[in-house]
Every structure is written in structure tokens, then in C-alpha cells.
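Descriptive structure summary
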Amino acid sequence: MADVIEADGLAILPGRITPAEQRALAEDIRKIIKKAPLFQPVMPRTGKPFSVEMTNCGPLGWVSDRAGYRYQPNHPVTGRPWPAIPERLVKLWQDLGAPAEPEACLVNIYAEGARLGMHQDRDEATFDAPVVSVSLGDTAVFRLGGTERRGPTRSVRLASGDVVVFGGPSRLIYHGIDRVLSGSSRLIDGGGRINLTLRRVNPF
Ligand code: SIN
Ligand code: FE2
């Protein structure tokens with residue numbers, strides 16, 4: 001379980017999702033992946049593959065390919081609209097006091113050895129809503145910085161059921177995943193970690 005941190009619009013909420021809700025969410029995600037298969041994004045320009053696999057749900061989904069990062073209404077491989085965001089995630093967004101409704105839910109899947117470099121979530125046309133991040137499955141070593149790329153960072157472990165909210169002055173903080181602690185949870189068949197990030201893309 002993570003330490004509780006709550007300051008400057010950043011909240012880390014250990015165990016915010018109950019074990020029963022975590023199981024229900026993992027099942028929701030399994031169904032979403034059936035409709036919207038995982039794809040492997042690549043870095044803009046270089047085409048270097050990410051080590052995480054992704055899919056999305058919601059009216060918009062985040063994708064990355066050689067042309068750049070963007071939100072789009074359709075799956076890049078199947079061309080179909082993304083499945084709906086599960087009601088329990090919309091409710092979480094509302095319960096946390098986030099405004100309007102989330103438009104995108106990025107699903108990141110971390111198998112053993114996957115990581116995610118330090119970055120800001122800044123492809124949205126509004127930063128007035130927080131990003132709400134849900135961790136499921138194996139514990140992640142999460143790295144958290146400030147709003148400057150070269151500022152100091154700290155490391156926080158995110159376990160299954162932990163929720164992070166990046167809002168207000170912390171909406172644009174740098175963050176990444178250093179590594180995932182394989183075998184630390186039994187939530188997901190076959191192991192691994194799921195991260196869900198709910199975002200508002202357009203002004204409301
Ligand atoms: C992300 O920044 O998109 C994912 C963060 C995480 O996996 O916790
Ligand atoms: Fe992010």
C-alpha cells in the first residue's frame with residue numbers, strides 16, 4: 001500500500017478500491033480487451049515500441065504512433081469505436097469530485113519487465129480536470145516529480161486498489177513507472193499490472 005500524500009492537488013489514496021471492486025474492475029477490463037484488443041504503441045518519429053501494451057475505453061482514446069500522440073474516437077487497428085467506460089469508474093470520478101464526466105480511459109498493461117518513462121499527461125485540450133489513475137494487480141514502483149523535467153523526484157509504491165489523483169497545481173507533474181514487482185498480487189490471472197487513467201480531454 002502506498003503512503004498517503006495529499007498536497008497541491010495531488011492525492012495518493014491507498015486502498016481506495018475494495019478487493020471486491022478490484023475483481024469486478026479486472027473483469028470489466030477483460031471484456032473491454034475482447035472488444036478493443038491490446039495494441040503496442042510506438043514512440044513518435046523513432047517508432048520505438050513502448051514496453052506496455054494499451055487499449056482504451058470511452059468516447060476518446062489515447063494513441064501514440066510515428067505521427068505523434070493524440071486522442072481519437074476509434075481503435076487504431078480495428079477502426080471501431082472504443083467500448084464505454086465502466087459505470088464504476090465514472091462513479092469513482094464523480095465520487096472524487098472531478099468535474100463533468102471522463103472522456104477517455106487509457107488502459108495500460110504491464111507484463112513483467114514493462115516500464116514507462118517520465119512524462120507529463122499533456123495531450124488534452126483542457127487541464128481543468130484532474131487525471132485519475134487506478135492501479136490493479138502487481139505493485140508498481142511509481143516515480144513522481146514536479147512540473148519541471150529536471151526537478152527532484154520521489155518513489156512511491158502503488159499497490160492494487162490504490163488511486164492517484166493529479167489535479168490543480170499537480171495536473172502536469174512528471175511521472176513514470178520504474179518497474180513492476182512481479183508476483184506481488186494475485187488479482188490478475190497470469191500476473192501483471194493494469195493501470196487505468198481517466199481523463200477529460202475537451203473543455204467542459
Ligand atoms: C501513465 O502515466 O499513463 C500510467 C501511470 C501508471 O501506470 O501508473
Ligand atoms: Fe501519464
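First things first, this report covers the structure right here in the doc. Quantities reported herein were computed from a predicted structural model and do not represent experimental measurements.

Examining the coordination of the iron ion (ligand 2)
Where a metal carries four tetrahedral donors, each ideal angle is 109.5 degrees; where it carries six octahedral donors, the ideal angles are 90 or 180 degrees. Distances from the iron ion (ligand 2) to its protein donors, His-119 (NE2), Asp-121 (OD) and His-175 (NE2), fall within 2.1 to 2.2 Å. With 4 donor atoms in place around the iron ion (ligand 2) and angles of 90 to 173° between them, the coordination shape is irregular. When the donors of the iron ion (ligand 2) are listed by position in the chain, the intervening gaps give H-x1-D-x53-H. On the accessibility criterion, His-119 (23% relative accessible area) is partly exposed. Here Asp-121 falls in the buried class, since its relative accessible area comes to 5%.

Let's talk about the nonpolar core
Formed by 30 residues in total, the largest nonpolar core has its most connected members in Leu-144 and Phe-166. Of all the elements in the fold, those that place two or more residues in this core are strand E2 (10-13), strand E4 (61-65), strand E6 (104-110), strand E9 (140-144), strand E10 (154-158), strand E11 (163-166) and strand E12 (175-180). Dropping the residues within four chain positions of it, Phe-166 is found in contact with Gly-9, Leu-10, Pro-130, Val-131, Ser-133, Phe-142, Leu-144, Arg-171, Ile-173 and His-175.

Points about the site of ligand 1
Inspection of the region around ligand 1 gives Asn-108, Tyr-110, Leu-116, His-119, His-175, Ile-177, Arg-193, Asn-195 and Arg-199 as its neighbouring residues. Here an oxygen atom of ligand 1 and a side-chain polar atom of Tyr-110 are 2.5 Å apart. For ligand 1, the accessible surface in isolation is 260 Å², of which the surrounding protein chains cover 97%. Elements with a minimum of two residues in the shell around ligand 1: E6, strand E7 (116-119), E12 and strand E13 (193-199). Take the shell around ligand 1: its biggest share by element is 3 residues, from E13.

Looking at the packing of aromatic side chains
Scanning all chains against the criterion turns up 4 aromatic pairs. Their ring planes at 65° and their centres at 6.3 Å tell us that Phe-142 and Phe-166 sit as a pair that is edge-to-face. Of the two residues, Phe-142 sits in strand E9 while Phe-166 sits in strand E11, which places them 24 residues apart along the sequence. Neither Phe-142 nor Phe-166 differs from the other in exposure class; each is buried. Positioned above the aromatic ring of Tyr-110, the side-chain terminus of Arg-193 is 4.9 Å from the ring centre.

Focus: the side chain of Ser-64
Relative to the helices and strands, Ser-64 resides in strand E4. Residue Ser-64 is classed as buried on the basis of its relative accessible area of 4%. A distance of 2.8 Å separates the side chain of Ser-64 from the backbone oxygen of Val-42, its partner in a polar contact. Not counting the four nearest positions on each side in its chain, Ser-64 is found in contact with Pro-41, Val-42, Met-43, Pro-44, Phe-50 and Tyr-69.

Criteria and cut-off values
- Residues numbered from 1 in each chain as written.
- Chains lettered and ligands numbered in written order.
- Predicted model: local features only at pLDDT ≥ 70, side-chain atom pairs only at ≥ 80, totals over all residues.
- Heavy atoms only, no water.
- Donors = N, O, S within 2.8 Å, 3.2 Å for Na, K, Ca; no water.
- Tetrahedral: all angles 85-135°; square planar, octahedral: opposite > 155°, others 65-115°.
- Buried < 20%, exposed > 50% of the residue type's maximum accessible area, 1.4 Å probe, protein only.
- Core = buried A, V, L, I, M, F, W, Y, C linked by side-chain atoms within 4.5 Å.
- Helix = DSSP H or I, 4+ residues; strand = E, 2+ residues; numbered from the N terminus.
- Contact = heavy atoms within 4.5 Å.
- Near = heavy atom within 4 Å.
- Polar contact = N/O pair within 3.5 Å; in protein donor to acceptor, adjacent residues only side chain to side chain.
- Areas by Shrake-Rupley, 256 points an atom, 1.4 Å probe, with all protein chains shown as cover.
- Phe/Tyr/Trp six-rings, centres within 6.5 Å; stacked < 30°, edge-to-face > 60°.
- Lys NZ or Arg CZ within 6 Å of the ring centre and 35° of its normal.

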